[in-house]
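Residue-level listing of the chains:
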Amino acid sequence: MRIFVSWPGFDRDGISTGRRLVDAGHELVLAPKLGNRTPDELVQLAAGCAGAIVSTDPFTADVLGALPDLRVIARVGVGFDSIDRAMADELGIAISITPGMNAETVADHTLALMLSAVRKIPQQDSSVKAGRWERVGPLTPGELPGKTVGLVGAGTIGRAVARRLHGFGVDLCFFDAQVDELSGAEKVGSLAELLGRSDVVSLHVPLVAETTRLIDGAAIALMKPTAILVNTSRGPVVDQPALFEALRDGRLGGAALDVFETEPPGADALRDVPNLVCAAHMGGISHESIDRMTASATQSVLDALEGRIPATIVNRDSMRGRG
């Protein structure tokens, strides 16, 4: 069978990835997703494929309906908001993810972004490379000890971030309707309370209807004018125009974004936005995590195509009666 692969870090010759699929008799259709991809482009690329190992490709209802051979989509990562689950369920297309395989990687990246924003590392880097030596003044940084850090979401990644923050001497609080306790952290009664108290706010929630633009203009207005917002979850969780306006107006101290409403965001969207640290949605990416995630996705495709239910399937009912 043909297997569509859009994950850019997929090793076609890896013994646990590409070579394993080829040895099982499958044909690889490699089309790395390196930027925006339209639904029509996706249909053309994945036509005739029974399995897919994917990035954030737009598997809309129309796309799924136009791919009658497709039986399994293995998402490399944990977010599958780019896949229309209801249509996948209706068509009997299994969806799998790679949970827990990059949580520590994302937590590392969150702390790196947080420290970069607090310590003004990107600004210092640009200043020194331009021949300046600005140790005090506008580029004087802050520090984490004694600050209040608020975590929005206390799932696997949120907990991993909390463990790292304990060593920095911060006052840690969190808001998560599904979690009652987090070691070393105080649960606050509302998102508004967390936003008003925190010097740093870090987002760790999935993208669902309830979290879309969770941090909008009204939410930003509740934050301290010196506060820093860190987002390593999903871009649409934040109202990006409202955030950039607050940064330009000096109503927010800074932001560190690994994710954006549109990816890539383009240089024009980021031009003249001060105190903004950016990364290319690579919070969960490392050499090690890529190996783990792509091996897991490969196993999921093989399981589904051979009649077994993948261990990390998110819509088990889609395979009812198959295995």
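Above this text sits the structure in question.
All of these numbers come straight from a predicted model, not from anything done at the bench.

Undergrad: For this particular structure, what's the right way to read the overall build of the chain?
TA: Along its length, the chain carries 12 helices and 12 strands. Against the 2.2 N^0.38 benchmark of 20 Å for 323 residues, the chain shows a C-alpha radius of gyration of 21 Å, consistent with a compact globule. The principal-axis extents of the C-alpha atoms in the chain amount to approximately 65 × 50 × 35 Å. For the chain, the proportion of its 323 residues judged to be buried stands at 49%. Within the chain, contacts between residues separated by at least 24 positions form 59% of all contacts whose residues are at least 6 apart in sequence. Within the structure as shown, the chain displays about 14,800 Å² of accessible surface, and the carbon and sulfur contribution to it stands at 53%. A gap of 4 Å separates the mean positions of the 31 positive and 40 negative side-chain charges of the chain.

Undergrad: Would you mind going over the sheet that holds strand β11 (residues 254–257) with me for this structure?
TA: Through backbone hydrogen bonds, the strands of a sheet pair up, either in parallel or in antiparallel fashion. If you walk across this open sheet you meet the seven strands as β8-β7-β6-β9-β10-β11-β12, and the pairing is parallel. In this open sheet, the two edge strands, each paired with only one partner strand, are β8 (186–187) and β12 (276–278). The strands that helix α10 (residues 240–249) touches are β10 (228–231), β11 and β12; relative to β11, the one it contacts most, it runs at about 140 degrees.

Undergrad: Hey, could you run me through the sheet that holds strand β4 (residues 72–75) in this one?
TA: On the basis of which strands lie adjacent, the open sheet formed by five strands has the order β2-β1-β3-β4-β5 and parallel pairing. Two strands lie at the open edges of the sheet, namely β2 (27–30) and β5 (94–96), each paired on one side alone. Across the sheet, the axes of successive neighbouring strands diverge by a mean angle of 20 degrees, strand direction being ignored. Direction of pairing for β4 relative to β5: parallel, over a ladder of three bridges. Counterpart to V72 in the pairing with β5 is A94.

Undergrad: Would you take a moment to explain the pairing of β2 for this structure?
TA: Where strand β1 (residues 2–5) lies against β2, four bridges are found, and the strand directions are parallel. Bridged to R2 within β2 is E27. Once the chain exits β1 it traverses helix α1 (residues 18–23) before rejoining the sheet at β2, and the crossover so formed is right-handed.

Undergrad: Help me understand the packing of helix α5 (residues 103–119) against helix α7 (residues 156–165) in this model?
TA: The packing of two helices is summarised by the inter-axis angle and the distance between the axes. Two elements in contact, α5 and α7, have axes separated by 8 Å at closest approach and are oriented at 50 degrees. Judged by the angle between their axes, α5 and α7 are oblique. Here α5 runs over α7; the crossing is right-handed. Within the contact between the two elements, α5 uses A103, E104, V106, A107, D108, T110, L111 and M114 and α7 uses T156, I157, A160, V161, R163, R164 and L165. Across the contact of α5 with α7, the residue classes break down as nine nonpolar, two polar and four charged.

Undergrad: Would you mind going over α10 with me for this structure?
TA: For α10, every residue scored as buried is listed here: Q240, A242, L243, F244, A246 and L247. Where α10 is buried, its residues meet α9 (217–222), β10, β11, α11 (267–270) and β12. A positive phi of about 75 degrees marks G250, the residue just after α10.

Undergrad: Would you mind showing me how to read helix α12 (residues 287–305) here?
TA: Spacing of three or four residues puts side chains on the same side of an α-helix, whose turn is 3.6 residues. End to end, α12 covers 27 Å across 19 residues, agreeing with the expected 27 Å (1.5 Å per residue, within 8%). Downstream of α12 by a residue or two, G307 has a phi angle that is positive, lying close to 90 degrees.

Undergrad: In this structure, what is going on with the pairing of β1? I would like to understand it.
TA: Moving residue by residue along a regular strand, the side chains alternate between the two faces of the sheet. Two elements, β1 and strand β3 (residues 49–54), share four bridges in a ladder whose sense is parallel. By the bridge assignment, F4 is partnered in β3 with A52.

Undergrad: Would you mind going over a negative patch on the surface with me for this structure?
TA: A grouping of D11, D13, E288 and D291 is seen on the molecular surface, where their side chains present a negatively charged patch. Looking at where D291 falls in the secondary structure, it is placed in helix α12. Residue classification places D291 among the exposed positions, given a relative accessible area of 52%.

Procedures and definitions
- Residues numbered from 1 in each chain as written.
- Predicted model: local features only at pLDDT ≥ 70, side-chain atom pairs only at ≥ 80, totals over all residues.
- Heavy atoms only, no water.
- Helix = DSSP H or I, 4+ residues; strand = E, 2+ residues; numbered from the N terminus.
- Rg over C-alpha atoms; globule rule 2.2 N^0.38 Å.
- Buried < 20%, exposed > 50% of the residue type's maximum accessible area, 1.4 Å probe, protein only.
- Contact = heavy atoms within 4.5 Å.
- Areas by Shrake-Rupley, 256 points an atom, 1.4 Å probe, with all protein chains shown as cover.
- Lys, Arg positive; Asp, Glu negative; His and termini not counted.
- Charge placed at Lys NZ, Arg CZ, Asp CG, Glu CD.
- Pairing = 2+ DSSP bridges.
- Axes fitted to C-alpha atoms, helices over the stretch in contact; angles between N-to-C directions.
- Right-handed = clockwise from strand over helix to strand, strands pointing away.
- Parallel < 35°, antiparallel > 145°, perpendicular 65-115°, else oblique.
- Left-handed = near helix turned anticlockwise from the far one by under 90°.
- Nonpolar A, V, L, I, M, F, W, Y, C, P; charged D, E, K, R; others polar.
- Expected span 1.5 Å × (residues − 1).
- Patch = residues over 30% accessible without salt bridge, like charges linked within 9 Å, V, L, I, M, F, W, Y side chains within 5 Å.
- Salt bridge = Lys/Arg side-chain N within 4 Å of Asp/Glu carboxyl O.

Note that every value here comes from positions in space, so none of it alone points to a role or purpose.
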